[in-house]
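Each chain, written out:
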Amino acid sequence: MESRRRVRWALSREDLSDSQTQNQIQSQNPNQPKSTTIFKYEKSSCLFCNEWFDAQTFTEHLIHCGQVLEECPNSCQVFIPRIRMRSHLKECPRSKNLNNQRLSVSMDRLDQPPDHRLQVLEQDISTIRSVLNEEIRQRLHLITDVGNIRKQNQVVEDWTRGTDETLGGLRRQLEAEASQRAYAEEQNQIDFQYCCNITQSLKEQVEIKLDEAQKLVNQLSIDVTFHQNQLNDNILKLEELIFENERLNRDKFFRIEEFLQQINEDIKTKLGTSDYATNKQATLDYEVKNVKNIVCETEERCDKLQNVVQDLDRSLHQTMQNLSDLENQMAMQQRIASVQNIRGHLIFRIKDYSKKLDEAKQYDTILHSAMFSNKAFGYALRLDIYLNGKGTWKGRNLIACLNVLSGEYDPLLAWPCRLQAEVVIRDQCSNLVEAQDYVKTIFVRKKSDDFIQSNQYFHIPHKVITSRNYLRNDSMFIEVRVMK
């Protein structure tokens with residue numbers, strides 16, 4: 001009885017695990033109907049001897065399996081495999097006592113009258129019948145469990161069939177996906193080759209234009225050298241002329257003074273009448289006024305010549321700066337021929353700030369940053385900086401603006417151009433956590449490539465620049481970030 005209960009417990013556990021598996025599959029596929037999820041096992045293993053049997057012979061094996069544990073009928077509280085039960089009964093310590101008791105009971109029964117023995121036999125028969133009924137009931141339960149297992153096996157077969165069909169569909173989808181990816185990869189290779197060809201052609205065009213620009217810069221350098229030599233010659237001539245005029249004026253002053261002294265002596269010695277002296281004095285005063293006017297005109301001419309020299313010096317310095325900017329632009333163009341700044345992000349370092357500020361105060365110079373673009377094949381941009389200011393802001397502020405220059409891809413861009421950018425004066429503090437950058441937001445607008453841009457200038461006071469760590473080691477960093 002105990003072995004049969006264990007078999008029923010094992011089968012109920014298998015039913016529970018199968019039902020849990022079925023519920024899990026149903027939860028994964030809620031749209032699939034429950035009637036189609038049927039499991040079917042071809043073979044099953046015994047829980048006691050671990051041998052595999054077919055579905056038809058599995059139930060019969062469980063009834064007759066020799067490894068099933070059974071409790072000793074002598075109530076010695078020991079569970080012995082069914083195949084070793086006979087040997088255990090021979091060695092069981094309580095078997096002798098039970099045999100003696102049975103002999104005594106049988107002798108007692110023999111001593112009893114026949115009616116009483118018949119009654120005892122009827123009780124034994126009823127007990128045997130109840131045991132047989134329990135056995136039949138257990139077998140019916142086992143048959144029912146076997147039927148459930150067969151149904152579950154059928155469910156598993158159907159589920160396996162559906163899984164195979166699903167796997168076949170997935171394989172077909174994978175094959176279609178692989179063909180699509182191969183086609184996409186081929187198209188990407190074609191596009192990459194096209195981009196390489198375009199890049200090569202652009203590189204050739206840039207090299208041609210760089211050669212032309214280099215020739216232009218060389219010609220400008222020659223012209224600037226020629227004009228500079230002429231300017232130096234003119235400056236030397238003007239200086240010689242000024243020195244000569246000063247020497248002549250000095251000689252004239254000395255002669256006039258000598259002449260006046262002689263006249264005074266003549267007046268004192270020779271002239272006696274006051275009328276003659278008065279007329280002579282008036283003539284002398286008129287001549288002295290004429291000489292003073294000549295001196296004033298000479299001084300004015302000298303001042304004008306000095307202003308002309310200063311203007312020429314300023315224009316020469318600006319020309320030299322423009323030439324230097326052109327050379328820097330050429331070097332930058334050569335550097336960006338292979339790598340272009342197309343992220344809309346620029347960091348401009350101004351070295352020797354004090355020297356460049358003095359030059360801006362004397363010559364009104366302009367600092368130009370390297371050219372960059374807001375995106376790939378986008379607008380050509382440049383930051384222009386007036387260190388000493390401009391107009392009414394001159395002398396007290398730094399003035400800057402963001403220019404939209406003529407670029408290679410202007411016919412392909414949207415016009416009017418509207419951009420927003422942030423200009424940041426970086427705080428060069430040693431502790432980055434305590435750094436406080438100075439931020440300005442500007443808007444860049446240009447109607448089209450053919451129209452002149454109306455720049456929006458922003459100012460930064462010189463007191464702000466010299467505060468904190470915006471200026472360190474006589475260098476300043478200005479960062480430009482163009483908004484997307």
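Residues numbered from 1 in each chain as written. Predicted model: local features only at pLDDT ≥ 70, side-chain atom pairs only at ≥ 80, totals over all residues. Heavy atoms only, no water.

### Looking at the overall build of the protein
Broken down by element type, the protein carries eight helices and 13 strands. In the protein, buried positions account for 27% of the 484 residues. A fraction of 61% describes how many contacts in the protein between residues 6 or more apart in sequence connect residues 24 or more apart. (Helix = DSSP H or I, 4+ residues; strand = E, 2+ residues; numbered from the N terminus. Buried < 20%, exposed > 50% of the residue type's maximum accessible area, 1.4 Å probe, protein only. Contact = heavy atoms within 4.5 Å.)

### Examining the side chain of His462
As for its position among the elements, His462 is in helix 8 (residues 462-466). Setting aside its immediate chain neighbours within four residues, His462 contacts Tyr353, Leu357, Leu387, Asn388, Gly395, Arg396, Asn397 and Leu398.

### Quick notes on the sheet that holds strand 13 (residues 476-482)
If you walk across this open sheet you meet the four strands as 5-13-10-11, and the pairing is antiparallel. The two strands at the open ends of the sheet, each matched to only one other strand, are strand 5 (345-350) and strand 11 (438-446). Averaged over all adjacent pairs, the angle separating strand axes in this sheet is 20°, with direction ignored. Pairing analysis gives five bridges linking strand 10 (residues 417-425) to strand 13, with the strands arranged antiparallel. By the bridge assignment for strand 13, Ala421 is matched with Val482. (Pairing = 2+ DSSP bridges. Axes fitted to C-alpha atoms, helices over the stretch in contact; angles between N-to-C directions.)

### With respect to the UniProt feature "coiled-coil region" (unreviewed entry) in the protein
In this structure's numbering, the residues bearing the UniProt feature "coiled-coil region" (unreviewed entry) are residues 199-230 and 302-336. The distance separating the terminal C-alpha atoms of residues 199-230 is 45 Å; by composition the span is 100% helix and 0% strand. (UniProt positions renumbered as here; feature names shortened; annotations may be inferred.)

### Comments concerning the pattern of salt bridges
Counted according to the given criterion, the structure contains 10 salt bridges. Across the salt bridge formed by Asp384 and Arg382, the nearest N and O atoms sit 3.0 Å from each other. With relative accessibility at 5%, the residue Asp384 sits in the buried group. Among the salt bridges present, the one from Arg426 reaches Glu479, with a minimum N-O distance of 2.8 Å. With a gap of 53 residues between them, Arg426 in the loop between strand 10 and strand 11 and Glu479 in strand 13 connect regions that are remote in the sequence. Under the relative-accessibility criterion, Glu479 is labelled buried at 4%. One salt-bridge network, in which partners are shared between bridges, spans Glu422, Arg426, Asp437, Glu479 and Arg481. (Salt bridge = Lys/Arg side-chain N within 4 Å of Asp/Glu carboxyl O.)

### A word on the nonpolar core
Ile350, Ile385, Leu387 and Leu402 are the most contacted members of the largest nonpolar core, which has 33 residues in total. At the level of elements, strand 5, helix 7 (353-363), strand 8 (380-386), strand 9 (397-405), strand 10, strand 11, strand 12 (458-461) and strand 13 are the ones that each hand at least two residues to this core. Ranked by residue count, the leading element in this core is strand 10, at five residues. Residues contacting Ile350, with those up to four places away along its chain left out, are Lys356, Leu367, Ile385, Leu387, Asp474, Ser475, Met476 and Ile478. (Core = buried A, V, L, I, M, F, W, Y, C linked by side-chain atoms within 4.5 Å.)

### Some words on the packing of aromatic side chains
Within the structure shown, the criterion is met by four aromatic pairs. Centroid distance Phe377 to Tyr409: 5.0 Å. Interplanar angle 85°. Geometry classified as edge-to-face. Of this pair, Phe377 sits in the loop between strand 7 (372-373) and strand 8 while Tyr409 sits in the loop between strand 9 and strand 10; the two residues are 32 residues apart in sequence, bridging distant segments of the chain. Ring geometry for Tyr379 versus Trp415: centroids 5.3 Å apart, planes at 85°, classification edge-to-face. With a gap of 36 residues between them, Tyr379 in the loop between strand 7 and strand 8 and Trp415 in the loop between strand 9 and strand 10 connect regions that are remote in the sequence. (Phe/Tyr/Trp six-rings, centres within 6.5 Å; stacked < 30°, edge-to-face > 60°.)

### Remarks on helix 7
Within helix 7, the full set of buried residues consists of Tyr353, Leu357, Ala360 and Tyr363. Projected onto a plane normal to the axis of helix 7, the buried residues spread over an arc of 155° and lie on a single side. (Arc of directions from axis to C-beta.)

### Describing the confidence of the model for the protein
The predicted model of the protein averages 76 in pLDDT, with 80% of residues at 70 or higher. This model gives residues 1-41 a pLDDT under 50, and the stretch forms 73 contacts once residues within four places in sequence are excluded. A low-confidence stretch, residues 335-339 (pLDDT under 50), is modelled with one contact involving residues beyond four sequence positions or located in other chains. (pLDDT = per-residue confidence, 0-100.)

### Thoughts on a nonpolar patch on the surface
Together, Ile136, Leu140 and Ile143 line one region of the surface with nonpolar side chains, adding up to about 310 Å² of accessible area. Here Leu140 is to be found in helix 5 (residues 114-269). Residue class for Leu140 comes out exposed when judged on its relative accessible area of 52%. (Patch = residues over 30% accessible without salt bridge, like charges linked within 9 Å, V, L, I, M, F, W, Y side chains within 5 Å. Areas by Shrake-Rupley, 256 points an atom, 1.4 Å probe, with all protein chains shown as cover.)

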